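# Summary of the model geometry
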Amino acid sequence: MFATAMLPAATRSIEGLLAGGAGAHVAADELQRLRRKLDDVASLAADAEAREGSDASARAWLRALREVLYELGDADADFRRAAAQPQEGRKSFRHWFMLPPNVNVIRYKTLRTSITSLNMKLDGILNKGSKLGLLSDTHETLNEISEFSGQVVPDDDTVGDIDSEKNKLIDRLTDRQSANGVVAILGASGMGKTTLAWKIHDDHRTRNAFSMIVWVNVFSDSDDIGLLSAIVTAAGGNPRGEKDRMKLEAILAAMLIGKRFLLVLDGLCGHHIFEHSLDAHWHVFGHGNRILITTQDESVVTKVKPAYIHQVKELTFQDCWSLLCRSAHHDESLHGNNLRNIGIMIIQKCNKIPMAIKIVGVVLRTKEQTKVAWQRVYESKGWSFRDLLDPLTGAIYLGYHDLPARLKQCLIYLSLFPEGFVIRQQFVGQLWVSEGFIEEQDSCNVEKTADEYYRELVSRKLMQPEIGNHDITRCTMHKQIRSFLQFFSKDEIFSGDLKPSINGTSIEGLRHVWLRSNDPATNLEEIVALSSLKTVILYKNPVGNHGLDKLFQGVKYLQVLDLGDTEIKYIPSTLEFLVHLRLLNLSLTRITELPESIECLRNLQFLGLRYCNWLHTLPKGIGKLQNLRSLDLRGTSLHQVLPTLENLKLLSTLHGFIVNCTPNREEDPSGWPLEDLNSLNALRSLQILKMERVSDGLRMQKAMLENKSHLKELELCCTTDDRQAEVREEDARTLKETFDHFSPPKCLNSLKMVSYYAKLCPDWLPHLSNLQRLVITDCKFCEHLPDLGQLAQLKFLTIASFSKLLTIEQEPTSAKQSFPKLEQLYLKDMQILESWTGFESGDMPSLVKFRLESCPKLRCPPSGIKYSKVLTSMHIYHADSLEAIEDLTVLKELVLQACDELMKISNLLLLEALIVMGCSRLEDVNGVHYLRHVRIEDRELRRSPEWLRSHASVLQTFTIVGTKELLERLLPNGEDWGIIRDINKVFANLPDESPFFTYTKDTADFHVDQRIMEHGRPPVAIADEIVQADLTTALGNSVEMTSRIGVPRVPVIRISTFKRVIRRYLVLYLVMVLIVMQVLSYWLQNKTTREIWLIQTLFIFFATVLLLFLVFLD
């Protein structure tokens, strides 16, 4: 599929052979003839790729061409490998006695044979192309605009009538009287099922109704046991690889029993459910517990009866047209209605599927806003692709076909990632570079180019941010897009459990594999047999050291090897055979050392050694890897550092750089001289540890950090003693002076400072004009912060663990706003901070989220947040001195916990959701006219707050978690019943989140959990007739007291009951033990110490057994 993208690399290989002198030994005319044939075949390949969607013969032709191009790459690799061998510094026994003296003759002869064979194969491919009628340079051109904007625009999920669908399903899920414990959202791929389910999951009504919500992404290859394990994991448990269904059900029962919970299964298929497996798994379900399913498989519906089925509504043409215009950046006010008709025709081709419309809309974005250009898209051959029998396929093919060749191979490579796997921007960029997909450009390094490719694929809707996360650096790929790419790449790319044949196709042609089998021996045996592999990823595979030797010697063309989080403990010296390796990841392994033979990996570009807790030293050979671009040692504690980094001029990522105490490496081998950074001008991301070791400002200057024009991310870490209460004045002054000399470049985007112990921040901090993210943490002796409001580009600010910071004074300026672009502010663990003042009207206009945690002396939030025009969410925890929250007129969500002095909330005009946990003194809540959802958690509260009464009529949901005594007051004949009787839905839970009662005003339904009655009837409802009469008056209905449906298969002891029994017997036990021990000591005076000890031990043992027996009986 990406043959055209491989051709430039093939041409460069031939040019390299000619320039390297190979033409003098291999007939130059043969190489030139091969080059001409590649030019000829390139013109046909474009037409073949335009046809491959509908022509199986074209796909076969492209497959044959790709094999030839791979063979050319392997021949070039063999030639260069043989050329490099005599230049190796290490002269082994094998080198002197087994290497033939005429090695050069042999390698040139081998190359000549390969080139001749390739010419013959290309002759056959060209002839086959002529027979197929492939034409030169007549392929359909969709991409008429040369530059793509690449700007990632957040998805607008409010298409169609999704909000009303959400409300309808939430009502169904929270209706206790509903007979349907399962709600299924049914619809075709791309219709927005997951979006709808996530909106339900994230809604305040849902979160108030259920004490636990579990979201599970269900993958196509999951079996019944795998699904159950995934549910246990998502609920916070650890299945530990358990394969026994009964044991997994027992774990799940112990976690969920007694809680009102919602389980969301996204992407369920028919084969996930068999033999009444839902009935078997969900025996812990009871009244109010629900399962929400999304599926496109109608057979699921028949297997989960009784279930409420919600068919996702098809969008109207007007909604589709609006979505298409947004995706295409088409402004009707500028262009009129001249494109509407052709747009409607395109929408029909998209089957009115939102995802298809978005993908095609982005394709239209790259076109001129003319009828001719849109007509060409409408008539594209890509719509005819129907091999996968999915209505999305045509739009996906069109989106793929519109990509430049350089991006096509990058996209197809992503089909290597397992279904649902989070694709991280940095990692996938390294993979693309390692595979040679990213070309060097004069004005841009390859990492930056890879980032641009990644963002463009996200912008084109071919990847989407991880569900619930708007950070595009973590994305996933839709199941249908992945299936589409696998259809074309199945002969070369595979992810899963490797077998001799896959779906009837031989695995011999595979080039890239990601293995997830639990049988490590089978994995390595199969890998070694595939000698042409270029990528092997065994991430989190249980593979150990057995077979690594054979792997290193047998897979000689390997370019990517990922052994991260495997069971390996050492790396064999045969690593030297992988001379073409460009990426090696050994992170999260238990290796203790690296072999010196790593110096032979001269092509290595990325070396990952994150969190290798047993690795304490590095081999000197790393200093010879001059092509190395990334050395990641984050979380790895090195005690002795040997390699010099001065020659690694291409390093762009360096994490875990430990500074030594002197410029002389020999005097202090526990780190690197800071001066080594001087020559590393390609750095883009840098983490420096133990900065306090540098006491000379001149050493800081020699690092020449301010000259590193590519540096975007910087982390500076010092080491301090947590037990140290004060810092010496001289040490603080020295650190401040040395940091002042360490001036970062103005281009810096992200800065993190950890454990900086000077009393003042570095002078350069407020002058980083391009800084977007700033994290300053554990600076416990810092007494003053500079004016950070000057940072005009700052979007994210975190300030944490400043033990000596008393106040923050914002310096008012008439010239400009403070924090004009700040979106998120997080303050944590500021033990004596009292205020942050000095803001003026217009400051912090872009603040969206504010979080405050463990600031016990802070009397009010930073004054600047009230000027925000878009403040959506504010979370405040453990602010003991906070007395009031006022005048935040645009705030929509407020979460409060353990604010002991908080008494008043007022003038929060747009507040919709209020969550209060442990703020028992809160008495006044006013000026919250749009308040709809309230949750109160308080184990000390003895009566419901009066402020609820004035808001009850407008509340949609109210959840209260408290003691049994508090909740009894809310029963229909209780003292506080009048406070809640006008609220639409009420959920009352005990402190362990077990339900006490639920109440729905509209249906006059009041339900008390039967187990509450088992532990003693509420005093306000001693007789059934009293309850009946009171509810008849209050609700016109009767209280329903029912037990939970089903009994768990394992006994589950309530924690609250256990504590009560312990309290009942523990004092008696201790008193008895003390008395008897004194008596025994008196009686046994004449005994030996050993005998006294033995008798006392036996007594304590039997007394403890008696205590446990009494607890068990209770």
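In this text the structure is predicted, and so the values were computed from the model without any measurement. (Residues numbered from 1 in each chain as written. Predicted model: local features only at pLDDT ≥ 70, side-chain atom pairs only at ≥ 80, totals over all residues. Heavy atoms only, no water.)

### Observations regarding the packing of helix 21 (residues 425-434) against helix 22 (residues 446-459)
Helices that pack against each other are described as a pair by the angle of their axes relative to one another and the distance between those axes. At a minimum axis separation of 9 Å, helix 21 and helix 22 run at an interaxial angle of 115°. Crossing hand, helix 21 versus helix 22: right-handed. Contacts between helix 21 and helix 22 involve Q425, V428, G429, W432 and V433 from the first element and V446, A450, D451, Y453, Y454, R455 and L457 from the second. (Axes fitted to C-alpha atoms, helices over the stretch in contact; angles between N-to-C directions. Helix = DSSP H or I, 4+ residues; strand = E, 2+ residues; numbered from the N terminus. Left-handed = near helix turned anticlockwise from the far one by under 90°. Contact = heavy atoms within 4.5 Å.)

### Things to note about unusual backbone geometry
In this model, M704 sits at a positive phi of 55°, which is unusual for a non-glycine residue. Positionally, M704 belongs in the loop between helix 26 (697-702) and strand 20 (713-717). By relative accessible area, M704 is classed as partly exposed at 28%. Phi at N907 is positive, roughly 60°, even though this residue is not glycine. Its location among the elements puts N907 in the loop between strand 31 (904-906) and strand 32 (913-917). (Buried < 20%, exposed > 50% of the residue type's maximum accessible area, 1.4 Å probe, protein only.)

### Quick notes on the pairing of strand 22 (residues 773-777)
Among the five residues that make up strand 22, four are buried, leaving the element largely enclosed by the rest of the structure. Where strand 21 (residues 750-754) meets strand 22, five bridges bridge the pair, whose relative direction is parallel. Each residue of the ladder has a partner; that of S750, found in strand 22, is R773. Where strand 22 lies against strand 23 (residues 796-800), five bridges are found, and the strand directions are parallel. Pairing of I776 across the sheet is with I799, part of strand 23. (Pairing = 2+ DSSP bridges.)

### Side note on the packing of helix 17 (residues 354-365) against helix 19 (residues 393-401)
Close contact between helix 17 and helix 19 brings their axes to 9 Å; oriented N to C, the two are set at 25°. Comparing their axes, helix 19 and helix 17 come out roughly parallel. Our pair here, helix 17 against helix 19, has a crossing hand that is left-handed. Where helix 17 abuts helix 19, its residues A356, I359, V360 and V363 lie against A395, I396, L398 and G399. (Parallel < 35°, antiparallel > 145°, perpendicular 65-115°, else oblique.)

### What to know about the packing of aromatic side chains
For the coordinates displayed, the defined rule picks out 23 aromatic pairs. Between W321 and W374, the aromatic rings sit 6.4 Å apart at their centres with planes inclined by 65°, giving edge-to-face as the arrangement. Here W321 is found in helix 14 (residues 317-328), whereas its partner W374 is found in helix 18 (residues 371-378), with 53 residues between them in sequence. Centroid distance Y397 to F484: 6.1 Å. Interplanar angle 75°. Geometry classified as edge-to-face. Taken as a pair, Y397 in helix 19 and F484 in helix 23 (residues 479-489) lie far apart in primary sequence, 87 residues in all. For the pair formed by Y397 and F484, the shared burial category is buried. By way of ring pairs, the aromatic residues Y397, Y400, F484, F487 and F488 are connected into one cluster. Over the ring of Y378 we find K349; its NZ or CZ atom is 4.8 Å from the centre of that ring. Above the ring of F317, the side-chain terminus of K352 is found at 4.4 Å from the ring centroid. (Phe/Tyr/Trp six-rings, centres within 6.5 Å; stacked < 30°, edge-to-face > 60°. Lys NZ or Arg CZ within 6 Å of the ring centre and 35° of its normal.)

### Regarding the sheet that holds strand 6 (residues 423-424)
One open sheet accounts for three strands, arranged 6-8-7; its pairing is antiparallel. What marks the edges here is a single partner per strand, and that holds for strand 6 and strand 7 (464-465). Across two bridges, the pairing between strand 7 and strand 8 (residues 474-476) is antiparallel. Counterpart to P465 in the pairing with strand 8 is C475.

### Structural notes on the confidence of the model for the protein
Across the protein, the average pLDDT comes to 84, with 85% of residues at 70 or higher. Long-range and interchain partners of residues 86-99, a stretch whose pLDDT sits below 50, account for 13 contacts in this model, where long-range means more than four residues apart. Note on residues 1016-1057: pLDDT is under 50 here. Beyond four places in sequence and across chains, it has 87 contacts. (pLDDT = per-residue confidence, 0-100.)

### Thoughts on the environment of I423
Here I423 shows up in strand 6. Sequence spacing of I423 and I472 is 49 residues, and the spatial spacing of their C-alpha atoms is 9.7 Å. Not counting the four nearest positions on each side in its chain, I423 is found in contact with L414, F417, V428, Y454, M463, T473, R474, C475 and M477.

### Section: the sheet that holds strand 1 (residues 182-186)
Pairing within the open sheet is parallel, and its five strands lie in the order 2-3-4-1-5. Looking at the sheet topology across the chains shown, the edges are occupied by strand 2 (212-217) and strand 5 (307-311). Taken over all neighbouring pairs, the strand axes of this sheet differ in orientation by 15° on average, direction set aside. One ladder, built from five bridges, connects strand 1 with strand 4 (residues 290-295); its direction is parallel. If you follow L186 over to strand 4, its bridge partner there is T295.

### Describing the pattern of salt bridges
Within the structure shown, the criterion is met by 49 salt bridges. For R728, the salt bridge is made with D731, and the minimal N-O distance between the two is 3.0 Å. Residue K736 is joined to D763 by a salt bridge in which the shortest nitrogen-to-oxygen separation is 2.9 Å. Note that K736 is positioned in helix 27 (residues 729-740) and D763 in the loop between strand 21 and strand 22, a separation of 27 residues in sequence. The class of D763 is partly exposed, set by a relative accessible area of 49%. Through salt bridges with shared partners, a single ionic network connects R943, E946, R949, R969, E975 and D976. (Salt bridge = Lys/Arg side-chain N within 4 Å of Asp/Glu carboxyl O.)

### Some remarks on helix 22
Between its first and last C-alpha atoms helix 22 spans 20 Å; for 14 residues at 1.5 Å apiece the expected length is 20 Å, and the two agree. Counting buried positions along helix 22 gives 11 out of 14 residues, so the element sits mostly inside the fold. For helix 22, the set of buried residues is V446, E447, T449, A450, D451, Y453, Y454, E456, L457, V458 and S459. Those residues of helix 22 that are buried lie in contact with helix 17, helix 20 (405-413), strand 6, helix 21, strand 8 and strand 16 (606-608). Phi for K461, located one or two positions after helix 22, is positive at around 65°. (Expected span 1.5 Å × (residues − 1).)

### Here's the deal with the environment of F317
Among the structural elements, F317 can be located in helix 14. The exposure class assigned to F317 is partly exposed, which follows from its relative accessible area of 33%. On a C-alpha basis, the gap between F317 and G160 in space is 9.8 Å, while along the polypeptide they are 157 residues apart. For F317, the residues in contact, after removing those within four places along its chain, are I344, I347, Q348 and K352.

### Side note on the side chain of N208
Mapped onto the elements, N208 comes out in helix 9 (residues 204-209). Exposure remark for N208: the relative accessible area of 5% places this residue in the buried category. One polar contact links N208 to T957, side chain to side chain, over a distance of 2.9 Å. Not counting chain neighbours up to four residues away, the residues in contact with N208 comprise H933, V934, R935, T957, F958, T959 and F987. (Polar contact = N/O pair within 3.5 Å; in protein donor to acceptor, adjacent residues only side chain to side chain.)

### Focus: the side chain of S652
Tracing the backbone shows S652 in the loop between strand 17 (630-632) and strand 18 (653-658). Looking at S652, the relative accessible area reads 2%, which means it is buried. Each residue touching S652, except ones within four places of it in the same chain, is listed here: E447, R629, A682, L683, R684 and S685.

### Details of a nonpolar patch on the surface
On the surface, W1093, L1094, L1098, F1101, F1102 and V1105 cluster together to form a nonpolar patch covering roughly 650 Å² of accessible area. Here F1102 is to be found in helix 33 (residues 1089-1113). We classify F1102 as exposed; its relative accessible area is 53%. (Patch = residues over 30% accessible without salt bridge, like charges linked within 9 Å, V, L, I, M, F, W, Y side chains within 5 Å. Areas by Shrake-Rupley, 256 points an atom, 1.4 Å probe, with all protein chains shown as cover.)

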